[in-house]
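# Chains, contacts and geometry: an overview
Here's the letter readout for the chains.
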Amino acid sequence: MPYRITILCDNTVGALSGTIGEHGFAALAEWDGGSILFDTGQGEALLHNALRRNRDLHRVGHVTLSHGHYDHTGGLLPLLRNCGGKEIFAHPAVFSRRYRVKDTGESTSIGIPYREEFLRGLGGRFSLSDRFREIAKGIFMTGEVPRKNPFEVGDAGQFCDDAGSMPDRVRDDQSLVIVSERGLVLLLGCCHAGVINSIDYAMEKTGVENVYAVIGGTHLGFSDPNRLDETVRALRGYRIKKICPGHCTGFAASARLFREFPGQFHPAHVGFTIEI
Ligand SMILES: [Fe+2]
Ligand SMILES: [Fe+2]
């Protein structure tokens, strides 16, 4: 079954697309007879960009959330208000409080900006699970991803409290996995669990060893150089056909990936569409 994936929110936009960028991520996966929205961005760009890319979000029945950060969940409000009720798949910890705390002690709330009851009132029907599960035929959410690689350590600036005393490993982080005829396609939110951890877990749970595409945020922009080196080394082993980083990958890590994988690389900016 062919799939079409369109990036609707990202930090950068494609040329002449008429779209707007914001720090965040959202992608729409469509196939004959269905569609799934993966993440929703911060909330300013989603509806505008969907309109400009001629994608009708009223027809989307399922929304999946990679994790509970504001730049992936903020678009739930405009989506539910304007495009009707949706079934929303996420991890039970998606409503946790979370903060970025700087060395100066300055803290910023970066969790989901809405309460569950409020979103339910707008027609959001939540299905919460930390398990690997199939949400449409051949399409899976990873659930909580085992953190096995020693080099994929978390972002040291994220905490569960605004005093910065309880590190947040964002255990709700998960990816969407499509089992296509060409191989696995992974959609990543921030991928706080680690790209390599996530790919390995998707392969293990599906039993499919061929990875066709990895698309979305990698958090490599917030990582130390060793993690980037080790990630590049590990990525070479999978022979992935399409490496499409975006969002929290950042400029420097994206440039490195472009240099390392010139034939496979394409930035996952707003408007980027891939058919599989
Ligand atoms: Fe993010
Ligand atoms: Fe995040």
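Look a little higher up for the structure.
Residues numbered from 1 in each chain as written. Chains lettered and ligands numbered in written order. Predicted model: local features only at pLDDT ≥ 70, side-chain atom pairs only at ≥ 80, totals over all residues. Heavy atoms only, no water.

### Regarding the coordination of the iron ion (ligand 1)
The protein atoms that coordinate the iron ion (ligand 1) are Asp-71 (OD), His-72 (NE2), Cys-190 (SG) and His-247 (NE2), at distances of 2.1 to 2.2 Å. For the iron ion (ligand 1), the four donor atoms are set out with angles of 87 to 159 degrees between them, so the coordination reads as irregular. Here the donor residues of the iron ion (ligand 1) are spaced in sequence according to D-H-x117-C-x56-H. In this structure, the iron ion (ligand 1) lies 3.5 Å from the iron ion (ligand 2), and both are coordinated by Cys-190. Of this pair, His-72 sits in helix α2 (residues 70–73) while His-247 sits in the loop between β15 (242–246) and α7 (250–260), placing them 175 residues apart in sequence. His-72 gets classed as buried once you look at its relative accessible area, which sits at 0%. (Donors = N, O, S within 2.8 Å, 3.2 Å for Na, K, Ca; no water. Tetrahedral: all angles 85-135°; square planar, octahedral: opposite > 155°, others 65-115°. Helix = DSSP H or I, 4+ residues; strand = E, 2+ residues; numbered from the N terminus. Buried < 20%, exposed > 50% of the residue type's maximum accessible area, 1.4 Å probe, protein only.)

### Examining the side chain of Arg-98
Along the chain, Arg-98 falls in the loop between β5 (86–90) and β6 (99–101). Within polar-contact distance, the side chain of Arg-98 engages the side chain of Asp-168 at 3.0 Å. A polar atom in the side chain of Arg-98 sits 2.9 Å from the side chain of Asp-172. (Polar contact = N/O pair within 3.5 Å; in protein donor to acceptor, adjacent residues only side chain to side chain.)

### Let's talk about unusual backbone geometry
One non-glycine residue, Asp-39, adopts positive backbone phi at about 70 degrees. Checked against the element boundaries, Asp-39 lands in the loop between β3 (34–38) and α1 (46–52). The exposure class of Asp-39 is buried, given its relative accessible area of 0%. Even without a glycine there, the phi angle at Arg-239 is positive, about 55 degrees. Along the polypeptide, Arg-239 turns up in the loop between α6 (225–238) and β15.

### Topic: the coordination of the iron ion (ligand 2)
Surrounding the iron ion (ligand 2) are the protein donor atoms His-67 (NE2), His-69 (ND1), Cys-190 (SG) and His-192 (NE2), which sit 2.2 to 2.5 Å from the metal. Because the angles between the four donor atoms bound to the iron ion (ligand 2) fall within 88 to 168 degrees, the donor set is best described as irregular. Taken in chain order, the donor set of the iron ion (ligand 2) reads H-x1-H-x120-C-x1-H. With a relative accessible area of 3%, His-69 lands in the buried category.

### Details of the environment of Tyr-99
Mapped onto the elements, Tyr-99 comes out in strand β6. In this structure Tyr-99 comes out as buried when scored by relative accessible area, which is 15%. Taking the C-alpha atoms as reference, Tyr-99 lies 20 Å from Gly-250; in sequence the two are 151 residues apart. Those residues in contact with Tyr-99, other than ones at most four positions away along the chain, are Ser-107, Thr-108, Ser-109, Ile-110, Gly-157, Gln-158, Phe-159, Cys-160, Asp-161 and Asp-162. (Contact = heavy atoms within 4.5 Å.)

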